[in-house]
Amino acid sequence: MNNLATKAKITWCPGCPNSAILVAFRQAISELVETEKLKFENIVISAGIGCHGKITDYVNVNSFTSLHGRALPVMTGIKCANPKLTVVGFSGDGDSFAEGIGHLVHTARRNSDIKVFLHANQVFALTTGQTTPLSPKGYRSKSTPFGSIEEPFTPLPMLLESGATFLARTYAEDIAGTKKAMIAAITHKGFSFVEIIQPCITFFDTREYFKDRIYSIPENFPVQDKKTVLEFLTAPNEKTPVGIFYNVEKPTFEEQLWS
Ligand code: SF4
């Protein structure tokens, strides 16, 4: 864990759940290295632009900070050039579902062997609070002062239909749960996507909303049954399930490219 810290000053707002994601990721990497499932020098992380993007400064591994919404093509390039590397990317919901949505769905469709951890805070936080494609209908912000009239995306069903082979959702303040999902995503062969609910405590504080809504799905969830998973993820639900929803093996983009 100590080896993974950098000297960079953490500039997230005090108490921001991004710090919990950082801790979970450092713990996940430490465990994978200690159990010899991963070599420290073989990890590369990338990020787009947003509060999430600062994470590349805070983890002492190879990293590449990309343009807004463009972490995925960078990651695909890294993985294609050297398939031995473990490539992990961080993105925000504005970064992924506004600027970067084309890259997101096509990377999932190709089943590129990269892992994406979404800091889902439903707001453009770095630019001080504008509506994203994940903000709820009616959300009032600097960009929608009378309330958003748009329906939001729901990430996991979209990624399932796009072709992702590993899907999970966690709550950032549950560090153990996030770490567990990160380890499963990193050790999965293929495109892994983890939606991490990360309330922005400064511009869109949803902690009270999620407090009593988060619940874990059972360990025996049918993670290989796409139809059941899709029905579950799209069914009306007042609550917010977390856990690993989908996990199947398919040939990856890179192994087909180099075969
Ligand atoms: Fe976290 Fe929001 Fe502050 Fe960004 S603006 S660091 S997401 S609390």
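In the block above lies the structure referred to throughout.
The text that follows walks through the structure, step by step, so that each part is easy to find.

Basis of the calculations
Residues numbered from 1 in each chain as written. Predicted model: local features only at pLDDT ≥ 70, side-chain atom pairs only at ≥ 80, totals over all residues. Heavy atoms only, no water. Buried < 20%, exposed > 50% of the residue type's maximum accessible area, 1.4 Å probe, protein only. Helix = DSSP H or I, 4+ residues; strand = E, 2+ residues; numbered from the N terminus. Contact = heavy atoms within 4.5 Å. Expected span 1.5 Å × (residues − 1). Near = heavy atom within 4 Å. Nonpolar A, V, L, I, M, F, W, Y, C, P; charged D, E, K, R; others polar. Polar contact = N/O pair within 3.5 Å; in protein donor to acceptor, adjacent residues only side chain to side chain. Phe/Tyr/Trp six-rings, centres within 6.5 Å; stacked < 30°, edge-to-face > 60°. Lys NZ or Arg CZ within 6 Å of the ring centre and 35° of its normal.

Take helix α3 (residues 71-81) next. One turn of the α-helix equals 3.6 residues, which is why residues spaced by three or four share an orientation. Listed as buried for α3 are Ala71, Leu72, Met75, Thr76, Ile78, Lys79 and Cys80. Contacts from the buried residues of α3 go to β1 (43-47), β3 (86-92), α5 (101-110), β4 (114-120) and α10 (253-257).

What follows covers helix α1 (residues 18-34). Taking 1.5 Å per residue, 17 residues should reach 24 Å; α1 reaches 24 Å between its end C-alpha atoms and fits that length. Buried residues belonging to α1 abut β1, α2 (55-58), β3, β4, α7 (175-187) and β6 (192-197). Downstream of α1 by a residue or two, Glu36 has a phi angle that is positive, lying close to 60 degrees.

Before going further, it helps to spend a moment on the site of the ligand. Around the ligand, the neighbouring residues are Trp12, Cys13, Cys16, Asn18, Cys51, Asn121, Ala125, Gln198, Cys200, Ile201, Thr202 and Phe203. Residue composition of the shell around the ligand, grouped by class: eight nonpolar, four polar and no charged.

Further remarks concern the side chain of Asn111. Secondary-structure assignment places Asn111 in the loop between α5 and β4. In this structure Asn111 comes out as buried when scored by relative accessible area, which is 4%. There is a polar contact of 3.2 Å between the side chain of Asn111 and the backbone oxygen of Pro251. If near-sequence neighbours (up to four positions away) are discounted, Asn111 is found in contact with Thr165, Gly190, Phe191, Lys250, Pro251, Thr252, Phe253 and Glu254.

A word on unusual backbone geometry. Look at Glu36: it is not a glycine, yet its phi comes out positive at around 60 degrees. Within the secondary structure, Glu36 sits in the loop between α1 and β1. On the basis of relative accessibility, which here comes to 74%, the residue Glu36 falls in the exposed class. For Thr128, which is not glycine, the phi torsion reads 70 degrees and is therefore positive. If you trace the backbone, Thr128 turns up in the loop between β4 and α6 (155-162). Note on Thr128: relative accessible area 35%, which makes it partly exposed.

Let us now look at the environment of Thr187. Inspection of the secondary structure puts Thr187 in helix α7. Residue classification places Thr187 among the partly exposed residues on the basis of a relative accessible area of 45%. The spatial distance from the C-alpha of Thr187 to the C-alpha of Arg213 is 29 Å, given a sequence separation of 26 residues. Here the side chain of Thr187 touches Ala184 through a polar contact of 3.3 Å, landing on its backbone oxygen.

Summarising the element assignment, Thr144 is placed in the loop between β4 and α6. Residue classification places Thr144 among the buried positions, given a relative accessible area of 17%. Along the primary structure Thr144 and Thr131 are separated by 13 residues, whereas in three dimensions their C-alpha atoms are 6.7 Å apart. With near-sequence residues (within four places) excluded, Thr144 lies in contact with Thr131 and Tyr139.

The next thing to look at is the packing of aromatic side chains. To describe a pair of aromatic rings, one takes the distance between the centres and the angle between the planes. All chains considered together, the criterion is met by 12 aromatic pairs. With a centroid separation of 5.0 Å and an interplanar angle of 85 degrees, the aromatic rings of Trp12 and Tyr58 are classed as edge-to-face. Here the residue Trp12 occupies a position in the segment before α1, and Tyr58 occupies one in helix α2, the gap between them amounting to 46 residues. Residue classification places Trp12 among the buried residues on the basis of a relative accessible area of 6%. Of the residues examined, Tyr58 reaches a relative accessible area of 3% and is grouped as buried. Three or more aromatic residues link up through ring pairs in this structure, and these residues are Phe25, Phe90 and Phe117. The ring of Phe253 is capped by Arg110, whose NZ or CZ atom sits 5.8 Å from the centre of that ring.

Any functional reading would require information beyond the geometric quantities listed.
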